[in-house]
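As a plain string of letters, each chain reads:
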Amino acid sequence: MEVARVKRSCRYIGVVSLVLILFVMPTLAAAQVSLEVWNDFNPATSIDARALVEAYREYERLNPGVKINHNTMTYADLRQKAVVANQAGTGPDVLHMLGEWVAEFSALGIIEDITDLVENWEDKDQFPASTWAVATSQGRIYGIPSIASTRALVYRNDLFEEVGIAEPPVTWSDLRDVAKKLAVDRDGDGRADVAGFAFCSSTDAVRGPQEFLVLLWSTGAELAVQTDGKWVPGFTVDQVRDVYQLLYDMMHVDKSVPEYIRGWEYNDLDQAFEVGTVAMCQNGAWMANRATRSATGEHWRTAAVPYQKVPATYMEVKVEAIGAHSANKAEAWNLLSYLMSKDQMYSFTKYDNLPSRSDVMALPYYQENEIWCKTFLELVPHGKVIPSIPLSQVFLSSMEYLQAVLYKLATPEQAAQGFYDDTAAYLSTLR
């Protein structure tokens, strides 16, 4: 009987082993590659993000050996986490970036040089050269442009009609006049119920510096230029003083910008416009999604950002990179080239974003949407990109001086001189 029990046990072990070989082991093998993706596309709040997650799932279905772990966070947290992880010799397989991070992240060794892969990619020519320029540093390509969109003035047409304004403001002078008319005290408590205008000024340095740059560019200035092989400020003290003076006057003279917006970042600004406490702001095509949720969304309109001397806007290009510490760089490239294909890009740039591919931008969906697509595309000729050099210190400085002005700790003249001096000193250290 003992021999029989041993034989039965052996047969049982054999059957179990066969089951493991036939069914369990292939399943384990199918999950042999796990890709960590870091970005700010939150499916809980974004239609496009949900479409992107579906693209991840479709890629997994097409590639059974791959599992995609999607990690979402704000841009400020995303940047900090990427820097800290790099210091520990780790990081994601795929990293979503603001275009202005490329030069800094490539210098820090956070992202991989993919020049050779891009040059041999059949879809490369579908992306405008201006978008590749943002993904390039020191002549090398460090990512694929995923989103390319200008900034516009987003405003409440119903409030314009209520106070008898027929057209959106064109110049800074118009902006001040219109904002004052919109900042009306409707309930008699002594303060405006809706901010005539609002902007970002957080020292987290994400959207605030971008909005600041649009105003600076509109004075005819640049942020930084190369002279005799050296980087120097492309603006004068007077030009940056005019920007600080405009924002100071709108808050403290006109009272059209409330003091409580000091320190706002993009989540604060976008939410305030959505709930109806801001009448005008500089913003992006992603507001189309918020319009679908807002009680006032049907009244939202878009126009060019008001300028001082020359029309200007920020050409925002976001870049998808491969992490330099990734152990799965070949698979990360396969995922990126799949996501940046025509069909996939169309699927996740229809509500919160605009595509970087020319063949996607040419589709009827984008050409026929007057408010959330066509306006932004028409502003492309006035779009400007940030120089491909590490500038995070300059961006932080621009907001620190702006806050000093808004809190009346420095005059616009003093802040402008300080910002100019700090920028010149920093640029002198670049080679």
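Residues numbered from 1 in each chain as written. Predicted model: local features only at pLDDT ≥ 70, side-chain atom pairs only at ≥ 80, totals over all residues. Heavy atoms only, no water.

The strand order E10-E7-E11 describes an open sheet built from three strands, whose pairing is antiparallel. Only two strands of the sheet have a single partner each, and these edge strands are strand E10 (280-283) and strand E11 (300-303). Between one strand axis and the next, the sheet turns by 30° as a mean value, whatever way the strands run. The pairing of strand E7 (residues 152-156) with E10 spans four bridges and is classified as antiparallel. Residue Ala 152 lies in a different strand from E10, and its bridge partner there is Asn 283. Sitting on the sheet, helix H11 (residues 266-275) is in contact with E7, E10 and E11, with an inclination near 135° to E10. (Pairing = 2+ DSSP bridges. Helix = DSSP H or I, 4+ residues; strand = E, 2+ residues; numbered from the N terminus. Axes fitted to C-alpha atoms, helices over the stretch in contact; angles between N-to-C directions. Contact = heavy atoms within 4.5 Å.)

Along helix H8 (residues 172-182), the residues that are buried comprise Trp 172, Leu 175, Val 178, Ala 179 and Leu 182. Taken around the axis of H8, the buried residues stretch over an arc of 125°, which confines them to a single face. (Buried < 20%, exposed > 50% of the residue type's maximum accessible area, 1.4 Å probe, protein only. Arc of directions from axis to C-beta.)

Now for the layout of surface pockets. Its boundaries defined by the atoms lining it, the largest pocket holds a volume of some 560 Å³. What lines the largest pocket is a set of 25 residues, and nearest its centre among them are Asp 40, Thr 45, Tyr 266, Asn 267 and Arg 290. Going through the elements one at a time, helix H9 (207-217), H11, helix H12 (287-293) and strand E13 (316-322) are the ones with two or more residues in the lining of the largest pocket. A class-by-class count of the residues in the lining of the largest pocket yields seven nonpolar, nine polar and nine charged. When its volume is computed, the second largest pocket comes out at roughly 310 Å³. As for the second largest pocket, its lining consists of 17 residues, of which Arg 191, Ala 192, Lys 255, Pro 258 and Tyr 260 are closest to the centre. Across the lining of the second largest pocket, the residue classes break down as eight nonpolar, three polar and six charged. (1 Å grid on protein atoms, 1.4 Å probe; cavity = no way out; pocket = protein on both sides within 12 Å on 5 of 7 lines; lining within 4 Å. Points joined across faces, edges and corners; volume = space filled by probe spheres on them. Nonpolar A, V, L, I, M, F, W, Y, C, P; charged D, E, K, R; others polar.)

Let us now look at the environment of Ala 285. In this fold, Ala 285 is placed in the loop between E10 and H12. Looking at Ala 285, the relative accessible area reads 2%, which means it is buried. Along the chain, Ala 285 and Phe 376 lie 91 residues apart, while their C-alpha atoms are 7.3 Å from each other. Beyond its immediate chain neighbours, meaning those up to four positions away, Ala 285 contacts Ser 149, Tyr 351, Asp 352, Leu 354, Trp 372 and Phe 376.

A separate point is the packing of aromatic side chains. Counting across every chain of the model gives 21 aromatic pairs. Residues Phe 197 and Phe 199 carry aromatic rings whose centres are separated by 6.4 Å and whose planes lie at 40° to one another, so their mutual orientation is tilted. For the residue pair Phe 197 and Phe 199, the accessibility class agrees, reading buried in each case. One aromatic cluster is present, built from ring pairs that chain together Phe 212, Phe 235, Tyr 244, Phe 419 and Tyr 420. (Phe/Tyr/Trp six-rings, centres within 6.5 Å; stacked < 30°, edge-to-face > 60°.)

Further remarks concern the confidence of the model for the protein. When pLDDT is averaged along the protein, the result is 92; 93% of the residues meet or exceed 70. Throughout residues 12-30 the model reports pLDDT below 50, and contacts reaching past four residues in sequence, or to other chains, amount to seven contacts. (pLDDT = per-residue confidence, 0-100.)

Moving on, we come to the packing of helix H10 (residues 237-253) against helix H18 (residues 392-406). The interhelical angle for the contact between H10 and H18, taken along N-to-C directions, is 35°, at an axis separation of 10 Å. Crossing handedness for the pair H10 and H18: right-handed. The residues of H18 that touch H10, namely those facing Tyr 244, Leu 247, Tyr 248, Met 251 and His 252, are Ser 397, Ser 398, Tyr 401, Leu 402, Val 405 and Leu 406. Split by residue class, the contact of H10 with H18 holds eight nonpolar, three polar and no charged. (Left-handed = near helix turned anticlockwise from the far one by under 90°.)

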